Amino acid sequence: MVANRFYSIFGIVNGTSNFILSQMSSSNCTFTDALAEAKTKGFAEKDPTLDIEGVDSAHKLILLTYLCFGRLVKLEDVFIEGISRISPADVNYASELGFEIKLLAIAKKEADDLEVRVHPTLIPKTHLLSSVTGVFNAIYVGSDLAGSLLFYGPGAGQLSAASAVVADLVDLTQDIRAGLFRPTLKIIPDKSIKRLRKIDEFESRYYIRFMAVDKPGVLAKVSGILAKWGISIASVTQKERRKAHVVPIVMITHEAKEKNLRAALAIIDRLDAIKESSVAIRIEEV
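All of these numbers come straight from a predicted model, not from anything done at the bench.

Cut-offs applied
- Residues numbered from 1 in each chain as written.
- Predicted model: local features only at pLDDT ≥ 70, side-chain atom pairs only at ≥ 80, totals over all residues.
- Heavy atoms only, no water.
- Helix = DSSP H or I, 4+ residues; strand = E, 2+ residues; numbered from the N terminus.
- Buried < 20%, exposed > 50% of the residue type's maximum accessible area, 1.4 Å probe, protein only.
- Patch = residues over 30% accessible without salt bridge, like charges linked within 9 Å, V, L, I, M, F, W, Y side chains within 5 Å.
- Areas by Shrake-Rupley, 256 points an atom, 1.4 Å probe, with all protein chains shown as cover.
- Salt bridge = Lys/Arg side-chain N within 4 Å of Asp/Glu carboxyl O.
- Phe/Tyr/Trp six-rings, centres within 6.5 Å; stacked < 30°, edge-to-face > 60°.

Trainee: Would you mind showing me how to read the environment of Tyr66 here?
Mentor: Tracing the sequence through the fold places Tyr66 in helix 4 (residues 55-69). Judged by its relative accessible area of 22%, Tyr66 falls in the partly exposed class. Spatially, the C-alpha atoms of Tyr66 and Arg5 are 13 Å apart, while their sequence positions differ by 61 residues.

Trainee: Any chance you could explain a nonpolar patch on the surface here in plain terms?
Mentor: On the surface, a nonpolar cluster with roughly 370 Å² of combined accessible area is contributed by Leu128, Phe136, Leu150 and Tyr152. In this fold, Leu128 is placed in the loop between strand 4 (113-124) and strand 5 (136-143). We classify Leu128 as partly exposed; its relative accessible area is 48%.

Trainee: For this particular structure, what's the right way to read the pattern of salt bridges?
Mentor: When the charged atoms of two side chains lie near each other, side chains of opposite charge can form a pair. Following the criterion strictly, the structure yields 17 salt bridges and no others. The salt bridge partner of Lys108 is Glu110, with a shortest N-O separation of 3.8 Å. Of the residues examined, Lys108 reaches a relative accessible area of 14% and is grouped as buried. If you follow the salt bridges from partner to partner, you end up with Lys108, Glu110, Asp113, Glu115, Arg117, Arg195, Arg197, Glu201 and Glu284 in one network.

Trainee: How should the packing of aromatic side chains be read in this particular structure?
Mentor: In the structure shown here, the tally under the stated rule is 2 aromatic pairs. Ring geometry for Phe19 against Phe43: centres 5.2 Å apart, planes inclined by 65°, an arrangement best described as edge-to-face. Linking Phe19 in helix 1 (residues 15-27) with Phe43 in the loop between helix 2 (31-40) and helix 3 (49-52), this pair joins segments that are 24 residues apart in sequence. By relative accessible area, Phe43 is classed as partly exposed at 21%. Judged by centre distance (5.0 Å) and plane angle (5°), the ring pair of Phe136 and Tyr152 falls under stacked. Here the residue Phe136 occupies a position in strand 5, and Tyr152 occupies one in strand 6 (residues 148-154), the gap between them amounting to 16 residues. Overall, the relative accessible area of 31% leaves Phe136 in the partly exposed class.

Rendered as structure tokens:
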């Protein structure tokens, strides 16, 4: 793809996290149970923190960003959010709305800016990435000449890891024998990129779940706070009543700025009628 300019990378690049989210979706199990199964099957490390908190995906995204855009970003420049707060309820509600939840590594060019981030994301069930399940990984690349391309294969487990390591060693050995070894890759940077966009500036649609006391006026108060921060609601659903008259309220917003959403949620979470910290997950049409 050396002749192409790139617009975007959307990657499922951590097999452990993808296995966990797939199990939560297919078996309706908790995050804890899915993680335990991943460990039993050898798909998760003894300490899976780097995988489930998105750091491993961020490491891989840095390499992909360098290959595609010629920008070697630092780890601290990547916004990172893991999957440990995702609940079976969120997986089910997302499914009802026509989405799957995936941990995506995203590098996306917007005008002169580059966004580099890792976080749980709702993507439409109709998209190819939604069908990537279990320990499989996929990278969906947008380019000017070749168009959109999907690279797919296993991303966790002893054999697939061994295959990749041996392939790299053989490739390196052949380059050395042929006198082609160079200490650094010669990547041509995309000079149209002027800066990295901060997460506060990022705009997206959002899935939001509140756990609220079932009484008149709560929904109006929540909606009013969102409106004050310029966040409009595309759809809202009040789910079945739970214990102590607390009900889930699920909203999908129109595009909103991350900074404004976080400010609004901080106020909403302090309301007496809100009984748990709200959950907000970004939506990507990819």
